[in-house]
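# Observations on chain architecture
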There are 2 protein chains.
Amino acid sequence: MELMEMGKAAAAVKYALACMPEEEKNRALLAAADALMQDMDLILQANEKDVRDGEAKGMHPGLVDRLRLTPERVEAMAEGLRQVSSLPDPVGEVLDSFVRPNGLKIEKRRVPLGVIGIIYESRPNVTADAFGLCFKSGNACILKGGSDALSSNLAITNSLRASLEKCGICPDAVQLIADTDRVVTEQFMRMNGYVDVLIPRGGAGLIRTVVEHSTVPVIETGTGNCHIYVDEFADLAKAIPIILNAKTQRIGVCNACESLVIHEAVRERFLPALAQTLREKNVELRGDERALEAVPGMTAATEEDFGTEYLDYILSIKTVDSLEEAISHINRYSTGHSDAILTEDTERAERFLNEVDSACVYANASTRFTDGFEFGFGAEIGISTQKLHARGPMGLKELTSYKYVIRGNGQIRK
Amino acid sequence: MELMEMGKAAAAVKYALACMPEEEKNRALLAAADALMQDMDLILQANEKDVRDGEAKGMHPGLVDRLRLTPERVEAMAEGLRQVSSLPDPVGEVLDSFVRPNGLKIEKRRVPLGVIGIIYESRPNVTADAFGLCFKSGNACILKGGSDALSSNLAITNSLRASLEKCGICPDAVQLIADTDRVVTEQFMRMNGYVDVLIPRGGAGLIRTVVEHSTVPVIETGTGNCHIYVDEFADLAKAIPIILNAKTQRIGVCNACESLVIHEAVRERFLPALAQTLREKNVELRGDERALEAVPGMTAATEEDFGTEYLDYILSIKTVDSLEEAISHINRYSTGHSDAILTEDTERAERFLNEVDSACVYANASTRFTDGFEFGFGAEIGISTQKLHARGPMGLKELTSYKYVIRGNGQIRK
């Protein structure tokens, strides 16, 4: 379907979605989950084609793994839709209400954003996840997945659309852009008036491209050059498990720790023990001059290292002489995702929490907790690293806007 | 100063502003108000130069009037700063806090956006107003006013900066881009990493340009093609004063009514009386075929009329056969600013309020109330017509973001 037609179709369905009762949305989500299970064979066959094509093109095995669906992964998509159905509906919540001296009753009410565009890369499960979150929050969505996953995404979308139709809901609540031409993607980013917000999900390159080319408002997500600062007054026994967890529990994720900042006063005591533990996990350390002094044989860090989100078994190390220097180093190199201080000094912790300008700031915990599920939101569409609209993990509420509803009895302005 | 240097200076001051106690901000705002009064002569002289240059260039008298400062207008700027000093400080407000099962204490705390860029047109009072709102909400601002007002804006900014310095505050909390080269403005719109949000204030052309060229997140403000729908069950005696107010109380503003939608059932009874009242105020009516039937001599409306924000003594009129048709006409042509229904039927009012997708939806009141002061916010930086971040009148709270502050005692992710 031509892109502009898809935009019109989404605009046409968004009013019905905005007013749809919660029970109807939940029924449709449960039906969609069942449909995915019933269409499992079709989805797996379509995915097998994508995987074969990817392998034939010499796709990196890591990417092939992301692309591949299994019965368990399809089941997880269905389970995701069921979970979203059980979350409270954010739409309609009265955020504020007040009466003006002239008698006007003003109500600030939560409403859907309208039409959400999502641009993502190779994981086909995003197709079902994004639909579930957008639909439950009363939004229509237009999806643009990676071309490598096109067959899989089409099979999933067809299953979802057929299921909506059976429920008596216009299937244009979820649409997939099947044209993989770059020009179409660029046009998609400029559909002001049809698309209310674009959310890119993927690597730094994709996000940069969307920010650069989009005229539709964008929520930047997901790049995380996350720091842990080991303060002079850190409990060093607690520090090692936290750093180990933040660095190695899962390496390819945005809330993994990429850089360690260490106070000079504990450098010599702490670094050798940390280095030993991390080397057992095959983590390469890249340190500044003083870190190298404490741990001979470490690679020397370049300026570039401090600005790099490795998503790999690598950790950069920077030595500082003060809390102030740690904060300013982090504010300079962080992507504003998640940064932590380890200290037993409450006053210093509070200063760090106040002054580090990131979406999530931690005292004495792993950065790996920046996640919609870990925060108890029950779902997550991504982690915003911008300050406009939403910051940090975004759940259903973050997919809404608000409107002012004003009731009068003939008021005019003086 | 070179633009990138200004960006760095703003970034350097934003941390201090974010943590500045309310009393210190209020003292500085009061001092800035006094400084404007003390520098009145300098400001008026600078403005006189802008006005002379404008007139010599043959500037439209309406624009010259917007540009011109008088002692009263300078006093109003000072008074504006005093008023902002008396408003509650939004920064630091705890929006939510909860403890997770693993013991992590998560607090969602209101913080400034950081650095706000404002691009505006000929009114020099925006310089002081924008500074006041940004400063009180803990933000640094970089201002780009119209080239026609450059001398005035420089004089105002110099006064504000000198006053900040006397208070011991880094003057880079407010900076003015003095280079009027278009290339500099384009560079300003792409200062990601230095500017957190851009707010254009001005006409539709300016806003379109900023949306088109900016890679920094933008809050769209101010274009208002506002509708009033006179329902079949409207109290027609109430309707005339409301429409008169919304159309003529002030014509050049975004919340003025530009289009009337009328139900067929009351068309013949209502339009002649309305036409007479509006013509006494020199309002030109442009109607569809059925409106013309009811009021002979009316101009015929074109398709373009229904999409036009006149900001003038003109009103378009569209006849509809149902509430549903009214809603879909408004959702098609409205800019999503402010739209009203006049009806005594509560159920029909609620349906309109639910289904019209605008920032402010009214039942039985003038659209002219869409305003930060009328809403009781005590201040206004603009009226957002987008759904991301803020919608409708934006006061101090809308110039903030939030961060998650997480306190643990050694938690790691399982």
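Residues numbered from 1 in each chain as written. Chains lettered and ligands numbered in written order. Predicted model: local features only at pLDDT ≥ 70, side-chain atom pairs only at ≥ 80, totals over all residues. Heavy atoms only, no water.

Chain A appears in an unreviewed UniProt entry as Gamma-glutamyl phosphate reductase from Candidatus Eisenbergiella merdipullorum. For chain A, the Function (unreviewed entry) comment in UniProt is given as "Catalyzes the NADPH-dependent reduction of L-glutamate 5-phosphate into L-glutamate 5-semialdehyde and phosphate. The product spontaneously undergoes cyclization to form 1-pyrroline-5-carboxylate." (UniProt positions renumbered as here; feature names shortened; annotations may be inferred.)

A turn of α-helix holds 3.6 residues, and therefore any two residues three or four places apart point the same way. Residues and elements named next belong to chain B. Over its 13 residues, helix H10 (residues 236–248) extends 18 Å from the first C-alpha to the last, a length consistent with the 18 Å expected when each residue adds 1.5 Å. Taken residue by residue, H10 has Leu236, Ala239, Ile240, Ile242, Ile243, Asn245, Ala246, Lys247 and Thr248 as its buried positions. Structurally, the start of H10 carries an N-cap: the backbone nitrogen of alanine 237 is 3.0 Å from a side-chain oxygen of aspartate 235. (Helix = DSSP H or I, 4+ residues; strand = E, 2+ residues; numbered from the N terminus. Expected span 1.5 Å × (residues − 1). Buried < 20%, exposed > 50% of the residue type's maximum accessible area, 1.4 Å probe, protein only. Polar contact = N/O pair within 3.5 Å; in protein donor to acceptor, adjacent residues only side chain to side chain.)

Further remarks concern the UniProt feature "domain: Aldehyde dehydrogenase" (unreviewed entry) in chain A. Those residues carrying the UniProt feature "domain: Aldehyde dehydrogenase" (unreviewed entry) are residues 8–283 and 297–376 of chain A in this numbering. Measuring from the first to the last C-alpha atom of residues 297–376 of chain A gives 42 Å, for a span that is 31% helix and 25% strand.

Residues and elements named next belong to chain B. In terms of burial, strand E2 (residues 105–112) is largely enclosed, as 7 of its 8 residues are buried. Relative to E2, strand E1 (residues 94–99) is paired through 5 bridges, and the arrangement is antiparallel. Bridge pairing links valine 94 to arginine 109 in E2. The turn linking E1 back onto E2 is made up of 5 residues, and glycine 103 within it adopts a positive phi angle of 95°. Pairing of E2 with strand E16 (residues 400–411) involves 8 bridges; the strand directions are antiparallel. (Pairing = 2+ DSSP bridges.)

The interface of chain B with chain A comprises 77 residues on the first partner and 77 residues on the second. A combined buried area of about 6,200 Å² lies between chain B and chain A, and 51% of that area is made up of carbon and sulfur atoms. Seen at the junction of chain B and chain A, the total is 12 salt bridges. A salt bridge links lysine 14 of chain A to aspartate 357 of chain B, with the shortest nitrogen-to-oxygen separation between them at 3.5 Å. Run the count over chain B and chain A and you get 47 residue pairs in polar contact (both at pLDDT 80 or more). (Contact = heavy atoms within 4.5 Å. Buried area = accessible area lost by both parts, 1.4 Å probe. Salt bridge = Lys/Arg side-chain N within 4 Å of Asp/Glu carboxyl O.)

This next bit is on the sheet that holds strand E6 (residues 197–201) of chain A. Residue and element names in this part refer to chain A. Across the sheet, 4 strands lie side by side as E5-E4-E3-E6; this open sheet has parallel pairing. Each end of this open sheet is capped by a strand with a single partner; those strands are strand E5 (174–176) and E6. The sheet shows a mean angle of 20° between the axes of neighbouring strands, direction not considered. The pairing of strand E3 (residues 115–120) with strand E4 (residues 140–144) spans 5 bridges and is classified as parallel. What sits directly across from isoleucine 118, in E4, is leucine 143. The strands touched by helix H7 (residues 150–166) within the sheet are E3 and E5, with E5 carrying the most contacts at an inclination of about 155°. (Axes fitted to C-alpha atoms, helices over the stretch in contact; angles between N-to-C directions.)

All names here are of chain B. Spatially, the 4 strands line up as an open sheet ordered E5-E4-E3-E6, and their pairing is parallel. Single-partner strands in this sheet number two, and they are strand E5 (174–176) and strand E6 (197–201). Direction aside, neighbouring strands of the sheet carry axes that sit 20° apart on average. In this sheet, E6 lies alongside strand E3 (residues 115–120) in parallel orientation, the contact comprising 5 bridges. Across the sheet, residue isoleucine 116 finds its bridge partner in E6, namely valine 197. The sheet contacts of helix H1 (residues 3–18) involve E3, strand E4 (140–144) and E5, and relative to E4 the element is tilted by about 145°. Helix H9 (residues 204–213) contacts E3 and E6 of the sheet and is inclined by roughly 160° relative to E6.

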